[in-house]
Amino acid sequence: MYSRLFKFLILFYCFIFYSIKSSAQSESAKPHIQKQEKGDHKTGLFDNEDILHFKLTGRLNQLFNDRKKNMSYHPLLLQYAGKDSGNIAIQIKAKARGNFRRLKENCKWPPIMLNFPQKEKLKNSIFIKQNKLKLVVPCQGDEYVIREWLVYKLYNLFTERSFRARLTEVEFEDSAGQRKTETHYCILLEDENSLAARNKASLIDKKQILMEKTNRREFTKMAVFQYMIANTDWSVPYLQNIKLLSKDSTEFPYAIPYDFDHAGIVNAPYAGAAPELEISSILERIYRGYCDQLRMDFIETFELFNRKKNDIYKVYTDCSLLSLKYLKFVTRFLDDFYKTINNEKSIESVFQKPCTTNVRIELKGLKE
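Since we're looking at a predicted model, the values are computed, not measured.

A. Focus on the pairing of strand β5 (residues 132-136). β5 sits mainly inside the fold: 4 of its 5 residues count as buried. One ladder, built from 4 bridges, connects strand β4 (residues 112-115) with β5; its direction is antiparallel. In the sheet register, I112 faces β5, and the bridge partner there is L135. Note: β5 against strand β7 (residues 182-189), 3 bridges, orientation antiparallel. Residue pairing for β7: V136 is matched across the bridge by I187.

Structure (structure tokens):
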């Protein structure tokens, strides 16, 4: 009897011991799992959701008026508050960039490229891993910059193969006193080489690659996303607001979108659609994919968009920088999209349209 009791107690204590050990191992594994879900390729600059405040000082008149095709770099001083409340100053170079937004008849200020010094000079800076960064500045109002930034956040919900964006508040000071000091919301965009490295892939800078020759599932997701935001200003063959990434030469590349200021969901006053598309407004959605896409691809993609629905709306409802009027507009705008992808007749008429009309026109861009 005592022998049986002794064996029972031994087995019981062993069970308790291994249960506690297993539980402890499970708990210790949780942070590691969560870290993987967030991504292992952290740069610091684009992992923080806080608005980044910094100041740019230099001959801004020279910089912003230099909009010819072969723009020159101009010296600037970038300053921001460090962790210890002291100012950190970095000597950088900057030049105007872009196509449509670079032209004076379209935008008050052109977007600019920030060129950082060697890494050794950025040792204790949040820009330590950066080389060149695009800075999107207001074309005709800060609110449209904020709206475009939110579109980048939307696409981040769907894939790691997307550009990261950081909302910034930049003070522009002209060192020559030729223009008043102004502070504006801007967007810092992840460098394309950083995007490629983060995804362990290479950039393909080759034009005339057909849409059909990109990764089918990722293309469908990207093209439906462009339809959701009502953006027609993109083209795979002409690399118009599209970057191509590939892990090796044996697989079809992934199409990565950027520059969303002409999207209907941004609704910028200067935005327009190419006349070839024959649409009356940027608010008019048109699917610009290719014929003979698999029905299964659309079903999987629509299921994904339905799963992400609450997160998509939350991107806007969580942003305190938006007006109530715009929130109402964007809610209705997204509601219309979800009605379409959850209606069989609408799916057939909208997403089979490339096979029956001329929307397959490959655009070189709104203006070169």
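B. Layout of the sheet that holds strand β10 (residues 254-257). One open sheet holds the 3 strands; their spatial order is β8-β9-β10, and the pairing between them is antiparallel. Since the sheet does not close on itself, it has two edges, and those belong to β8 (202-204) and β10, each with one partner. Strand-to-strand twist in this sheet, taken as the mean axis angle between neighbours without regard to direction, amounts to 40°. Pairing between strand β9 (residues 242-246) and β10: 4 bridges, direction antiparallel. Paired with K243 across the strands is I256, a residue of β10. Against the sheet, helix α5 (residues 216-228) makes contact with β9 and β10, and its axis sits at roughly 20° relative to β10, the strand it touches most.

C. Fine view of the state of the cysteines. Across all of its chains, the model carries 1 disulfide by this definition. A sulfur-sulfur distance of 1.9 Å marks the disulfide that ties C107 to C139. Residues C107 and C139 are joined by a disulfide whose S-S torsion is about -90°; by sign, that bridge is left-handed. Taken together, the residues C107 in the loop between β3 (87-96) and β4 and C139 in the loop between β5 and α3 (142-156) connect sequence positions 32 residues apart. The buried category is assigned to C107, whose relative accessible area is 2%.

D. Geometry of the environment of I90. For I90, the position within the fold is in strand β3. Overall, the relative accessible area of 3% leaves I90 in the buried class. For I90 and L122, which are 32 residues apart along the polypeptide, the C-alpha to C-alpha distance reads 7.7 Å. In this structure, I90 is in contact with L76, L77, L78, Y80, P117, L122, S125 and F127, ignoring residues within four places of it in sequence.

E. Summary view of the pattern of salt bridges. Applying the stated criterion to the full structure yields 18 salt bridges. Among the salt bridges present, the one from R101 reaches D261, with a minimum N-O distance of 3.3 Å. Note that R101 is positioned in the loop between β3 and β4 and D261 in the loop between β10 and α6 (295-307), a separation of 160 residues in sequence. Of the two residues, R101 and D261, both sit in the buried class. Put simply, K314 and D318 hold a salt bridge, and the shortest N to O gap is 2.7 Å. Each of D47, E160, R164, E190 and R198 takes part in a single network of salt bridges with overlapping partners.

F. Region of the structure containing a nonpolar patch on the surface. A cluster of nonpolar side chains, L294, M296 and I299, forms an exposed patch at the surface whose accessible area comes to about 250 Å². Positionally, M296 belongs in helix α6.

G. Main features of unusual backbone geometry. For D259, which is not a glycine, the phi torsion comes out positive at approximately 55°. Tracing the sequence through the fold places D259 in the loop between β10 and α6. We classify D259 as buried; its relative accessible area is 15%. Phi is positive for E278, which is not a glycine, with a value near 55°. The residue E278 is located in the loop between β10 and α6 in this model. Residue classification places E278 among the exposed residues on the basis of a relative accessible area of 64%.

Scoring rules and cut-offs
- Residues numbered from 1 in each chain as written.
- Predicted model: local features only at pLDDT ≥ 70, side-chain atom pairs only at ≥ 80, totals over all residues.
- Heavy atoms only, no water.
- Buried < 20%, exposed > 50% of the residue type's maximum accessible area, 1.4 Å probe, protein only.
- Helix = DSSP H or I, 4+ residues; strand = E, 2+ residues; numbered from the N terminus.
- Pairing = 2+ DSSP bridges.
- Axes fitted to C-alpha atoms, helices over the stretch in contact; angles between N-to-C directions.
- Contact = heavy atoms within 4.5 Å.
- Disulfide = S-S within 2.5 Å.
- Salt bridge = Lys/Arg side-chain N within 4 Å of Asp/Glu carboxyl O.
- Patch = residues over 30% accessible without salt bridge, like charges linked within 9 Å, V, L, I, M, F, W, Y side chains within 5 Å.
- Areas by Shrake-Rupley, 256 points an atom, 1.4 Å probe, with all protein chains shown as cover.

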